[in-house]
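So you can see what is in the structure, the chains are spelled out below.
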Amino acid sequence: MPHVEISITCYATLSTCEAPGDSGAVHGGSVYPDIEVVRGHVLARNYSLLKENQRKVLKVWCLIWQDFQVCCSGMSLLLTPTTLNPSPQGLRPADPKKVSGELFTLTYGSLVAQLLKDYENVDDVNRQLERMGYNIGMRLIEDFLARANPGRCYDLRDTADKIQQAFKLYLGVSPSIGSWNPGGDEFSVVLETNPLAEFVELPDHCLGLRYSNILAGIIRGACEMVQMEVMAWFIADQLKGDNVTEIRIKFVKRLEDAIPAGED
Amino acid sequence: MTIYNLYIFDRDGQMLYYGEWTRKKQSGMSREEEAKLMYGMIFSIKSFVTKMSPVDLREGYLTYCTNKYPALHLFETPSRIKFVLNTDVGAQGIKELLHQIYTQVYVEYVSFNPMCPLNKPIESELFAAKLDEVVRQSPAYASRPA
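Cut-offs and rules
- Residues numbered from 1 in each chain as written.
- Chains lettered and ligands numbered in written order.
- Predicted model: local features only at pLDDT ≥ 70, side-chain atom pairs only at ≥ 80, totals over all residues.
- Heavy atoms only, no water.
- Pairing = 2+ DSSP bridges.
- Helix = DSSP H or I, 4+ residues; strand = E, 2+ residues; numbered from the N terminus.
- Axes fitted to C-alpha atoms, helices over the stretch in contact; angles between N-to-C directions.
- Contact = heavy atoms within 4.5 Å.
- Polar contact = N/O pair within 3.5 Å; in protein donor to acceptor, adjacent residues only side chain to side chain.
- Expected span 1.5 Å × (residues − 1).

**A closer look at the sheet that holds strand 1 (residues 3–9) of chain B**
Sheet strands pair via backbone hydrogen bonds, and the direction of the pair is either parallel or antiparallel. Residue and element names in this part refer to chain B. Spatial ordering of the open sheet is given by 2-1-5-4-3, a layout of 5 strands whose pairing is antiparallel. Taken across any chain shown, the strands that pair with only one partner, and hence form the sheet edges, are strand 2 (15–20) and strand 3 (61–64). Neighbouring strand axes in the sheet, compared pairwise and without regard to direction, differ in orientation by 15 degrees on average. Alignment of strand 4 (residues 71–76) against strand 5 (residues 82–87), held across 6 bridges, turns out to be antiparallel. Within the sheet, the bridge partner assigned to Phe75 lies in strand 5 and is Phe83.

**A look at the environment of Asp10 of chain B**
All names here are of chain B. Among the structural elements, Asp10 can be located in the loop between strand 1 and strand 2. The spacing of Asp10 and Glu76 is 66 residues in sequence and 9.8 Å in space, taken between C-alpha atoms. Look past the residues within four positions of Asp10 in its chain and what remains in contact with it is Leu16, Tyr39, Arg80, Ile81 and Asn119. Only 3.1 Å separates the side chain of Asp10 from the backbone nitrogen of Asp12, close enough to count as a polar contact.

**Examining helix 5 (residues 101–119) of chain A**
Counted at 1.5 Å a residue, the expected span for helix 5 of chain A with its 19 residues is 27 Å, and the 27 Å between its end C-alpha atoms agrees. Phi turns positive, to about 60 degrees, at Glu120 of chain A, one or two residues after helix 5 of chain A.

Listed below in structure tokens is the structure:
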């Protein structure tokens, strides 16, 4: 792999940053790991989080990812250890299903980058992201119903509240709901920070790209599974210089249950 | 207290899964026809209840039983997936069991499984195994009929 010397050293440093996301948990836990190891982790993590170093971190991730793309394109399975050193006890989060938020952001970034390379046309990428979001939304709604147990929505305001709850549950952000139109069938979800676009800058030839369009698709897919047809689109995006990221949602119609053949 | 069988229907009335634990008498018709009959009955009961009932069907849960026949428990999610569980008359805690089946088995092994298309019958063995485990561990299940 072309960048292997850089990547091994940097990956060794970066991977240890993934584990202690919250140093408060270390002090609160009953196991006190080796303090030097902890200090090393915290320093490495702080280094990578400093704004001026974020670009370097991102570049290294991209180089590593490109290496994998090149050498692993023919393979269907790759076995790797997750970190080079075993993580000290008490530092790994207990829930194996949780991944670092940054990993998620960077993975989404590489997904969009790959789509741009495949399609080369910004509108196709937007459409594809929305379609992927639609498929995700259709399945994600089941998990949301199972976890949050929200109960039925009697009007669009209930739906708006549930969408707000879902953003909190899945992305960890609290959007605000506003800009209702006079008819009460359109509203906006306003995000102060967009976790998907944390380290992103849009290059000049991609200004038509709706980077987080997957979110619009997710909202549309999820609502359709609960009998509501909605349209969702971005009207403001922090990546394009606006103050906030804003998604507009419009209620189109209620979908009726399919009546079984022979019933009516 | 026993659990007889379980049907899972999707939003269009197609049967996604049939599981059986104790079944004393076969109905003499194919599984598909039986499923259609079952779905038709549930749909009729539900529309009847919605029209007649003074309160809304909020929880999505319905029980239909007589003193002799086994009881039919229906749990419907807001996304219109229906879980129908037939048990004997004395079964308790079925609402929790159905909810548990939904959250721990259906969502985990079907919704999150990219190989499982949403509107086709569920063929995943992992789903079947986990469902079996959850049902057998529930307090409503006993190996001999009451």
